[in-house]
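Commentary on secondary and tertiary structure
The lines below spell out each chain.
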Amino acid sequence: MKHLLSIESMTPAQIHEVLDLAVEMKANRGRHAEHPLRHQCWGLIFSKSSTRTRVSFEVGIRELGGDVMFLSSNDIQLGRGEPIADTARVMGRMLHGAVIRTFAQKDVEDFARLSGIPTINALTDAEHPCQILADLQTIREALGSVEGKIVTFVGDGACNVPCSWIWAAAKLGFELRIAAPKKFQPPRELLERLNARNIFVTDDLDHAAEGADVLYTDVWVSMGKEEEAAFRLAQMGHYQISSGLVAKAKPGALVMHCLPAYRGKEITAEVFEQHAATIFNQAENRLHAQKAVLSLLTRG
Ligand code: CP
Ligand code: NVA
């Protein structure tokens, strides 16, 4: 694996390779025999806010022996209009790898191509691959495997997290149901292109939750969509994980959230606290899954 640009660009074998190594990373934290990022300096180039992604990459790179530099787009010339193509060609001559959080997927892909250094997508408007890898690790730990399970995503079905879930389902074959209002369903072209029998999109929330092994949600207003907040809240008001919805899922179903969470919006405070162990395990697994990715990228 040279880059991690999307779940779309991963093979099922690569996904399994990351998940297998993530288990090892978690078990051996603090006792790693190898430090594959030794003598390397990685850059985190972020155009959007972050808590989990930033901290997990900064800690993870250091734990693998590397050095790391956080570069907010506001502090570098990128934020003043310097093209990504020029930024990439400069960074590629100095850094050993880059982790990028931005808007356009094309920017991450252009950066990877033009910089020539290993590049990781730390969230774009199209995908959030690192999140889904950590989530798959969390599901493996709790349920053994995602294969044969039903994952129901509730809320904004058109944003990065559900789009990465769609690609994960397309690659791994588990049943994915997306319950979202009509205006916030995944891009039709994507669904038509995949024509997958294991991926269902509906506005019938209760039906989508029936018998699910996992109920998953994300914010109703993604970063960059703040101007649409009032409209989104009005549209999405009913697409919430509540105790009533949990009762429709399989007994013992996991409730997952990529965080940050807005209680009373996409999830009730009560359900969030009841399932906090799973949700914060997801957050912790960002560290382990990303260390697995970093390590695999150094192997080429
Ligand atoms: N889930 C996630 O990516 O969180 P941050 O935006 O805090 O990085
Ligand atoms: N869909 C959310 C994910 C946050 C981690 C966003 O893009 O803001």
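Bear in mind that the values here come from a model prediction, so they are computed numbers and not experimental data. (Residues numbered from 1 in each chain as written. Chains lettered and ligands numbered in written order. Predicted model: local features only at pLDDT ≥ 70, side-chain atom pairs only at ≥ 80, totals over all residues. Heavy atoms only, no water.)

Description of the packing of helix H5 (residues 129-143) against helix H6 (residues 160-172)
Relative placement of two packed helices is described by the angle separating their axes and the distance separating the axes. Two elements in contact, H5 and H6, have axes separated by 9 Å at closest approach and are oriented at 55°. Judged by the inter-axis angle, H5 sits oblique to H6. Our pair here, H5 against H6, has a crossing hand that is right-handed. Seen from H5, the contacting residues are Pro129, Ile132, Asp135, Leu136 and Ile139; seen from H6, they are Val161, Ser164, Trp165, Ala168 and Leu172. Split into classes, the residues belonging to the contact of H5 with H6 amount to eight nonpolar, one polar and one charged. (Axes fitted to C-alpha atoms, helices over the stretch in contact; angles between N-to-C directions. Helix = DSSP H or I, 4+ residues; strand = E, 2+ residues; numbered from the N terminus. Parallel < 35°, antiparallel > 145°, perpendicular 65-115°, else oblique. Left-handed = near helix turned anticlockwise from the far one by under 90°. Contact = heavy atoms within 4.5 Å. Nonpolar A, V, L, I, M, F, W, Y, C, P; charged D, E, K, R; others polar.)

Some words on the pairing of strand E2 (residues 67-72)
Strand residues, when the strand is regular, have side chains that alternate between the two faces of the sheet. Pairing of strand E1 (residues 41-46) with E2 involves six bridges; the strand directions are parallel. When the sheet's bridge partners are listed, leucine 44 is paired in E2 with phenylalanine 70. Crossover E1 to E2 through helix H2 (residues 52-63) is right-handed. (Pairing = 2+ DSSP bridges. Right-handed = clockwise from strand over helix to strand, strands pointing away.)

With respect to the site of ligand 2
Close to ligand 2 lie Leu123, Cys159, Asn160, Asp218, Val219, Ser222, Met223 and Leu259, which account for all nearby residues. Out of a free accessible area of 270 Å², ligand 2 has 94% covered by protein chains. For the shell around ligand 2, the residue count by class is five nonpolar, two polar and one charged. (Near = heavy atom within 4 Å. Areas by Shrake-Rupley, 256 points an atom, 1.4 Å probe, with all protein chains shown as cover.)

Some words on the site of ligand 1
In the region of ligand 1, the neighbouring residues are Ser50, Thr51, Arg52, Thr53, Arg101, His128, Gln131, Cys258, Leu259 and Arg286. One nitrogen or oxygen atom from the side chain of threonine 53 is found 2.6 Å from an oxygen atom belonging to ligand 1. One of the backbone N or O atoms of cysteine 258 is found 2.9 Å from a nitrogen atom in ligand 1. Protein chains bury 95% of the 260 Å² of accessible surface belonging to ligand 1 in isolation. A breakdown of the residues in the shell around ligand 1 according to their chemical character gives two nonpolar, five polar and three charged. (Polar contact = N/O pair within 3.5 Å; in protein donor to acceptor, adjacent residues only side chain to side chain.)

Describing the packing of aromatic side chains
Overall, the coordinates contain six aromatic pairs when judged by the stated rule. When the centroid spacing of 5.4 Å and the interplanar angle of 70° are considered together, the rings of tryptophan 165 and tyrosine 216 count as edge-to-face. Within this pair, whereas tryptophan 165 is found in helix H6, its partner tyrosine 216 is found in strand E8 (residues 214-217), the two being separated by 51 residues in sequence. Per residue, the accessibility class of tryptophan 165 equals that of tyrosine 216, and both read buried. Linked through ring pairs, Phe153, Trp165, Phe174 and Tyr216 together constitute an aromatic cluster. Across the ring face of phenylalanine 103, the terminal group of lysine 48 is positioned such that the distance to the ring centre comes to 4.5 Å. The residue whose ring lies beneath arginine 263 is phenylalanine 272, and the NZ or CZ to ring-centre distance is 4.1 Å. (Phe/Tyr/Trp six-rings, centres within 6.5 Å; stacked < 30°, edge-to-face > 60°. Buried < 20%, exposed > 50% of the residue type's maximum accessible area, 1.4 Å probe, protein only. Lys NZ or Arg CZ within 6 Å of the ring centre and 35° of its normal.)

Points about the side chain of serine 73
Inspection of the secondary structure puts serine 73 in the loop between E2 and helix H3 (84-91). Since its relative accessible area comes to 9%, serine 73 is described here as buried. Those residues in contact with serine 73, other than ones at most four positions away along the chain, are Phe46, Ser47, Leu78 and Gly79.

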